[in-house]
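Spelled out from the first residue to the last, the chains are:
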Amino acid sequence: MGNILKLLTREEQEASESQIDIFLDFENATPTESEREVYNVVSSVLDEAPRILKELQDYQGANEEIRQAISNALNGELQELAWKAVVPLVGKLKAFYEYALELEAVLPQLLHALCAGSETPIQHLEQQQALAKQFADILHFTLTFDDLKMTNPSIQNDFSYYRRTLSRRKMANADDDNEAIQVTNEMANRMSLFYAYPTPLLKVLSDATSKFVTENKSLPIENTTDCLSTLANLCRRMLENPDFPSKVANEKTYLFCLRVMVGLIILYDHVHPVGAFVKNSAIDIKASIKVLKDQPQGSVDGLLNALRYSTKHLNDETTPKNIKGLLM
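Treat the numbers as computed from the prediction; the structure is a model and nothing was measured.

**Quick look at the environment of V204**
Then step 1. Structurally, the position occupied by V204 is in helix α9 (residues 200–215).
Then step 2. Take V204: its relative accessible area is 13%, and that puts it in the buried class.
Then step 3. A C-alpha to C-alpha distance of 9.5 Å links V204 and T142, two positions 62 residues apart in sequence.

**Some remarks on the confidence of the model for the protein**
Then step 1. Of all residues in the protein, 86% attain a pLDDT of 70 or more, and the chain-wide mean is 87.
Then step 2. Put simply, strand β1 (residues 7–10) is where the protein has its lowest mean pLDDT, 40, and helix α2 (residues 49–57) is where it has its highest, 97.
Then step 3. Contacts from residues 1–21, a stretch scored under 50 in pLDDT, to residues over four places away or in other chains number 55 contacts.

**Here's the deal with the packing of α2 against helix α4 (residues 76–115)**
Then step 1. Closest axis-to-axis distance for the α2/α4 pair is 11 Å, and the angle between their directions is 145°. Between α2 and α4 lies a crossing whose hand is left-handed. Contacts between α2 and α4 involve A49, I52, E55 and L56 on the former and, on the latter, K92, F96 and Y99.
Then step 2. Taken together, the residues of the contact of α2 with α4 break down into 5 nonpolar, no polar and 2 charged.

**A word on the environment of R259**
Then step 1. In this structure, R259 sits in helix α12 (residues 251–271).
Then step 2. Through-space distance from the C-alpha of R259 to that of G302 is 9.6 Å; in sequence the pair is 43 residues apart.
Then step 3. Those residues within four positions of R259 in sequence are excluded, and the remaining contacts are H140, L143, T144 and L303.

**A word on the packing of helix α3 (residues 63–71) against α4**
For any two helices packed against each other, one specifies the inter-axial angle together with the distance between the axes.
Then step 1. Two elements in contact, α3 and α4, have axes separated by 8 Å at closest approach and are oriented at 150°. The orientation of α3 relative to α4 falls into the category roughly antiparallel. The chirality of how α3 crosses α4 is left-handed. Together, E65, I66, Q68 and A69 of α3 and L78, Q79, L81, A82, A85 and V86 of α4 make up the contact between the two elements.
Then step 2. Looking at the contact of α3 with α4, its residues break down into 7 nonpolar, 2 polar and 1 charged.

**Focus: the pattern of salt bridges**
Then step 1. All told, the structure shown has 11 salt bridges when counted by the stated rule.
Then step 2. Taking the shortest distance from any N to any O, the salt bridge between R169 and E80 comes out at 3.3 Å. Of this pair, R169 sits in helix α7 (residues 154–171) while E80 sits in helix α4, and the two are 89 residues apart along the sequence.
Then step 3. Of the residues examined, E80 reaches a relative accessible area of 30% and is grouped as partly exposed.
Then step 4. For the salt bridge of D137 with K133, the shortest nitrogen-to-oxygen distance reads 2.7 Å. One end of the pair is D137 and the other is K133, both in helix α6 (residues 129–150) and 4 residues apart, which spans about a single turn. No difference in accessibility class separates D137 from K133, as the two residues are buried.

**Structural notes on the packing of aromatic side chains**
Then step 1. Going through the model one piece at a time under the given rule, you end up with 8 aromatic pairs.
Then step 2. Consider the rings of F141 and F145, whose centres lie 5.8 Å apart with planes at 35°: the pair is tilted. Linking F141 with F145, this pair stays in helix α6, spanning 4 residues, or about one helical turn.
Then step 3. In this structure F141 comes out as buried when scored by relative accessible area, which is 3%.
Then step 4. Seen in terms of ring centroids, F145 and F194 are 6.5 Å apart; in terms of plane orientation they differ by 50°. Their pairing is tilted.

**Remarks on the side chain of D158**
Then step 1. Within the secondary structure, D158 is located in helix α7.
Then step 2. No salt bridge is formed by the buried D158; the nearest opposite charge belongs to R164, separated by 9.1 Å.
Then step 3. At 2.6 Å, the side chain of D158 and the side chain of Y59 are in polar contact.
Then step 4. Here D158 is in contact with Y59, G61, A62, N63, I66, V86 and L89, once residues within four sequence places are set aside.

Quick notes on the rules
Residues numbered from 1 in each chain as written. Predicted model: local features only at pLDDT ≥ 70, side-chain atom pairs only at ≥ 80, totals over all residues. Heavy atoms only, no water. Helix = DSSP H or I, 4+ residues; strand = E, 2+ residues; numbered from the N terminus. Buried < 20%, exposed > 50% of the residue type's maximum accessible area, 1.4 Å probe, protein only. pLDDT = per-residue confidence, 0-100. Contact = heavy atoms within 4.5 Å. Axes fitted to C-alpha atoms, helices over the stretch in contact; angles between N-to-C directions. Left-handed = near helix turned anticlockwise from the far one by under 90°. Nonpolar A, V, L, I, M, F, W, Y, C, P; charged D, E, K, R; others polar. Parallel < 35°, antiparallel > 145°, perpendicular 65-115°, else oblique. Salt bridge = Lys/Arg side-chain N within 4 Å of Asp/Glu carboxyl O. Phe/Tyr/Trp six-rings, centres within 6.5 Å; stacked < 30°, edge-to-face > 60°. Lys, Arg positive; Asp, Glu negative; His and termini not counted. Polar contact = N/O pair within 3.5 Å; in protein donor to acceptor, adjacent residues only side chain to side chain.

The following block contains the structure:
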């Protein structure tokens, strides 16, 4: 991404209003020796992210073939054409799902590195900038992936047609070779649950983060929530800074930070016992929503929808009415 300007933030303590200067170099951050082991593991997965996004962005679906097959149910040739069009597409959907599982597997290692120990969240971000960048990259990928999935109804349509047709072909003892059967029934069930969510990858990461907190009982939950809230607030303040547009190379960097901020809010809301929307939340939700709503109309609809539908506590009674109103 483009250059990220110097972050000016205030320490989240009532007793102190002193400013802390932090530079999160999302472009040039290189791992220190202490970061390298985790960095290399995460990097081996993130290296595939651009290819996955390109394939998802280019995903066209088999809408016409499916429509023709359904409209002409007795035409065997059209049925076969639709099947042959859908099978390779389901192979791609399987690859997307398997990649989600890879991200799920590496996230706990990254969280442990960024949250464990006696260092404050600020110190972690200063000392582990390469890992902070990787965490941001995962969140950016997640929000981008989910936005593309949510705006492409062909994905659900193709997969549903595949499952229905596969069942019929098995009952009819169709002569399909094993390579044509892209997914087993067990895999199909798990994929179906994954794609049923409007934001499937956010669901995976939210569950993985919650599981990380639950399983690491020796690690205070505050270590994780403070890390998430601190980074979310840093992103927001960076976006609020009037000098930000002049300090970044292009508008993609701005959208990168918006996505990371929203991803952090969602993860925090799933992990923190009372969530991100309570009156005294460590994340300034009202200011964060304002930053989103200040963007050009329609440019961040997917991010606002992610806050509406992928958070856990938005509709709780403890959420102030003005916050609910902002997201209505």
